[in-house]
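What follows is the residue order along each chain.
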Amino acid sequence: MSSTVAYWILNSVRNSISTFQGGRRLYSRYVSNRSKSKWKLFSPVPPTLKNSSPCGSSPLQKAYRHTSTEEEDFHLQLSPEQVNDVLRAGESAYKILDLDSGVPNSVLQFESNQLAANSPVEDRRGVASCQQTSGLMFGIFDGHGGHACAQAVSERLFYYVAVSLMSHQTLEQMEGAVESMKPLLPILQWLKHPGDSIYKDVTSVHLDHLRVYWQELLDLHVEMGLSIEEALMHSFQRLDSDISLEIQAPLDDEVTRNLSLQVAFSGATACLAHVDGIHLHVANAGDCRAILGVQEDNGMWSCLPLTRDHNVWNQAELSRLKREHPESEDRTIVMDDRLLGVLMPCRAFGDVQLKWSKELQRSVLERGFDTEALNIYQFTPPHYYTPPYLTAEPEVTYHRLRPQDKFLVLASDGLWDMLSNEDVVRLVVGHLAEVDRHKPDLAQRPANLGLMQNLLLQRKASRLLDTDQNAATRLIRHAIGSNEYGEMELERLTAMLTLPEDLARMYRDDITVTVVYFNSESIDAYYKGG
């Protein structure tokens, strides 16, 4: 089946897509039903990015990815070991060992992974603990129209939330430190940083705007800080506002100006979870998703969704859009299942071309930017009458954790396009059972050197066969390698991993997954007052 799968994919793309050259950019006349692009406007992969690492890590062997669409150059070259290497390149895992006031953390550990379809990858992820308040934050950020907005939001949003939760006294200490040019109090401890940091000159501008935000919080005179729900709501909207204002303000530094423009004109959806003891809050803007895996007392597993996708298939979201715009736009506000016919999510950071007036867009872009070199989409939908059409206001969900809540899965829509909520829970449960089976039971047998060597060889062999040690990797493997019956097919998996870069985006999106495991004993202790 191997070459058949590959040729079928190539031929179906050729038959279903027709494009014409427009400068250095391709404009889609017809987008295949299988296309995963959030924008109908897209750019070809720059030649300099070909053969780059699919996960933003160290480069892999050239054989892993191909850029040619010629059938004679397209053949599968991945062994099972190489498939595993590609899938596991973006893995990370972290065990939460810290004690908070002598009580074990309600989060036991987390596992994460990412697989790129875009080059460079447009998804971002982050995990951090709040240093001046309690709580862990987990974030998934799905970029579109480039990676700039997702990168900026993944780096900055956690700081806005952490500052929002600070007490009035702590904010005064922060302000005093800046005024006296002393070191700031630590705000975050990153457990999984979102990726390569942006330029230091730009981060100083971001700190200035974060300071303005905490100054406004000081003016509110809220002694204990905002509630978590308020903090999440304010942080999402304030950061999006700052992204918009930063490019409108005059900036002397060319690097800062160019990056600010790329951030504002690209976009990102975001899903952020804040866990503090038994209190779980999830803020979502867009089509990333968060679900809970729940095991009832009778041993049965179920899925509890914590977010709703903000797209046109969400009737509540469609009604909201129609309420916010004149009745005369009812037929044009959604076309081809997209907002104004161009964007799939109905909430996102950035994307100022769907938020600003036409006049403001022109005035900013006429300041001498090389929009072609910066890959800025200069496109106004034909029925653009009453902006803004897009918002970054999140929908916030609160859930009180119970001992039966075993794990939380946050992921970009690249995963949910391929797997249902129930599939994801089933796969994580299967992963836990499989990892359990492969744990060495040294308590039952003598731990001699020969036994240990045998166990290590067994573990190595099992990893080559498909025993992923990371649940996020298992989810990605099944998302792209399972057939319509839910069965794993190595040929299909290999074909999906060896798609040329210029075709991979037609058949799958970037996939980013974080699985958070809860400490049932710790949660139970909260209820018992232990």
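Residues numbered from 1 in each chain as written. Predicted model: local features only at pLDDT ≥ 70, side-chain atom pairs only at ≥ 80, totals over all residues. Heavy atoms only, no water.

Named according to an unreviewed UniProt entry, the chain is [Pyruvate dehydrogenase [acetyl-transferring]]-phosphatase 2, mitochondrial originating from Otolemur garnettii. What UniProt states about the chain under its Subcellular location (unreviewed entry) heading is, verbatim, "Mitochondrion". The Sequence similarities (unreviewed entry) comment attached to the chain in UniProt states, word for word, "Belongs to the PP2C family." (UniProt positions renumbered as here; feature names shortened; annotations may be inferred.)

A few words now on the packing of aromatic side chains. Summed over all chains, the structure comprises 10 aromatic pairs. Taking 5.4 Å as the distance between ring centres and 40 degrees as the angle between the ring planes, the aromatic pair formed by Phe-236 and Phe-349 counts as tilted. One end of the pair, Phe-236, is in helix 6 (residues 228–248); the other, Phe-349, is in strand 17 (residues 349–350), and 113 residues separate them in sequence. Accessibility classification places Phe-236 together with Phe-349 in one group, the buried group. The structure contains a cluster of three or more aromatic residues connected by ring pairs, namely Phe-141, Phe-158, Tyr-159 and Trp-190. (Phe/Tyr/Trp six-rings, centres within 6.5 Å; stacked < 30°, edge-to-face > 60°. Helix = DSSP H or I, 4+ residues; strand = E, 2+ residues; numbered from the N terminus. Buried < 20%, exposed > 50% of the residue type's maximum accessible area, 1.4 Å probe, protein only.)

What follows is about the confidence of the model for the chain. Confidence in the prediction of the chain, expressed as mean pLDDT, is 82, and 78% of residues score 70 or more. The model gives residues 1–35 a pLDDT under 50, and that stretch makes 65 contacts with residues more than four places away or in other chains. Confidence drops under a pLDDT of 50 for residues 41–75, and excluding neighbours within four residues, the segment shows 86 contacts in the predicted structure. (pLDDT = per-residue confidence, 0-100. Contact = heavy atoms within 4.5 Å.)

It is worth spelling out the packing of helix 13 (residues 471–481) against helix 14 (residues 490–497) at this point. Remark: helix 13 packs on helix 14, axes separated minimally by 8 Å, with the N-to-C direction vectors making an angle of 95 degrees. Relative to helix 14, the element helix 13 lies roughly perpendicular. Contacts between helix 13 and helix 14 involve Arg-477, Ile-480 and Gly-481 from the first element and Arg-492, Leu-493, Met-496 and Leu-497 from the second. Among the residues making up the contact of helix 13 with helix 14, the classes are represented as 4 nonpolar, 1 polar and 2 charged. (Axes fitted to C-alpha atoms, helices over the stretch in contact; angles between N-to-C directions. Parallel < 35°, antiparallel > 145°, perpendicular 65-115°, else oblique. Nonpolar A, V, L, I, M, F, W, Y, C, P; charged D, E, K, R; others polar.)

Moving on, we come to the side chain of Glu-155. Among the secondary structure elements, Glu-155 is positioned in helix 3 (residues 148–164). In this structure, Glu-155 is buried with no salt-bridge partner, the nearest side chain bearing the opposite charge being Arg-156 at 7.2 Å. Reaching out from Glu-155, the side chain makes a polar contact with the side chain of Gln-151 at a distance of 2.9 Å. (Lys, Arg positive; Asp, Glu negative; His and termini not counted. Salt bridge = Lys/Arg side-chain N within 4 Å of Asp/Glu carboxyl O. Polar contact = N/O pair within 3.5 Å; in protein donor to acceptor, adjacent residues only side chain to side chain.)

Within the span of helix 16 (residues 520–528), buried status applies to Ser-520, Ser-522 and Ile-523. Along the axis of helix 16, the buried positions cluster into a sector of 165 degrees, meaning they face one direction only. Helix 16 presents Glu-521 and Lys-528 as exposed residues on the side facing more than 90 degrees away from its buried surface. Capping the start of helix 16, Asn-519 holds a side-chain oxygen 3.2 Å from the backbone nitrogen of Glu-521, two or three residues further along. Phi turns positive, to about 75 degrees, at Gly-529, one or two residues after helix 16. (Arc of directions from axis to C-beta.)

The subject of this paragraph is the state of the cysteines. Summed over all chains, the structure comprises 0 disulfides. We note that Cys-271 lacks a disulfide partner, and the nearest cysteine sulfur, in Cys-288, lies 6.2 Å from it. (Disulfide = S-S within 2.5 Å.)

Glancing now at unusual backbone geometry. Across the junction of Ser-119 and Pro-120, the peptide omega takes the value 5 degrees, indicating a cis bond. With respect to the secondary-structure elements, Pro-120 resides in the loop between strand 7 (107–115) and strand 8 (123–130). Of note, Asp-351 is a non-glycine position whose phi angle comes to about 50 degrees, a positive value. For Asp-351, the location among the structural elements is in the loop between strand 17 and helix 9 (358–365).

A word on the packing of helix 3 against helix 6. Relative to each other, helix 3 and helix 6 sit at 130 degrees, their axes nearing to 9 Å. Relative to helix 6, helix 3 is oriented oblique. At the point where helix 3 passes helix 6, the crossing takes the right-handed sense. Residues Val-153, Arg-156, Leu-157, Tyr-160, Val-161 and Ser-164 of helix 3 form the contact with helix 6, whose own contacting residues are Ala-231, Leu-232, Ser-235, Phe-236, Arg-238, Leu-239, Asp-242, Ile-243 and Glu-246. The residue makeup of the contact of helix 3 with helix 6, split by class, is 9 nonpolar, 2 polar and 4 charged. (Left-handed = near helix turned anticlockwise from the far one by under 90°.)

Once that is clear, we can look at the nonpolar core. Formed by 54 residues in total, the largest nonpolar core has its most connected members in Val-163, Leu-261 and Phe-349. When residues of this core are assigned to their parent elements, the largest contribution, 11 residues, is made by helix 3. When neighbours within four sequence positions are excluded, Leu-261 is seen to be in contact with Ile-247, Val-364, Leu-365, Phe-369, Leu-374 and Ile-376. (Core = buried A, V, L, I, M, F, W, Y, C linked by side-chain atoms within 4.5 Å.)

Counted according to the given criterion, the structure contains 18 salt bridges. Put simply, Arg-402 and Asp-405 hold a salt bridge, and the shortest N to O gap is 2.7 Å. We classify Asp-405 as buried; its relative accessible area is 0%. As a salt-bridge pair, Arg-505 and Asp-509 come within 3.4 Å of each other at their nearest N and O atoms. Summarising the burial analysis for this pair, Arg-505 and Asp-509 share the class buried. A network of salt bridges, in which partner residues are shared, links Glu-317, Arg-320, Glu-324 and Arg-347.

Let's shift gears to the side chain of Thr-307. Inspection of the secondary structure puts Thr-307 in the loop between strand 14 (301–305) and helix 8 (315–323). Note on Thr-307: relative accessible area 12%, which makes it buried. Here Ala-290 takes part through its backbone nitrogen, which lies 3.1 Å from a polar atom of the side chain of Thr-307. Those residues in contact with Thr-307, other than ones at most four positions away along the chain, are Cys-271, Val-282, Asn-284, Cys-288, Arg-289 and Ala-290.

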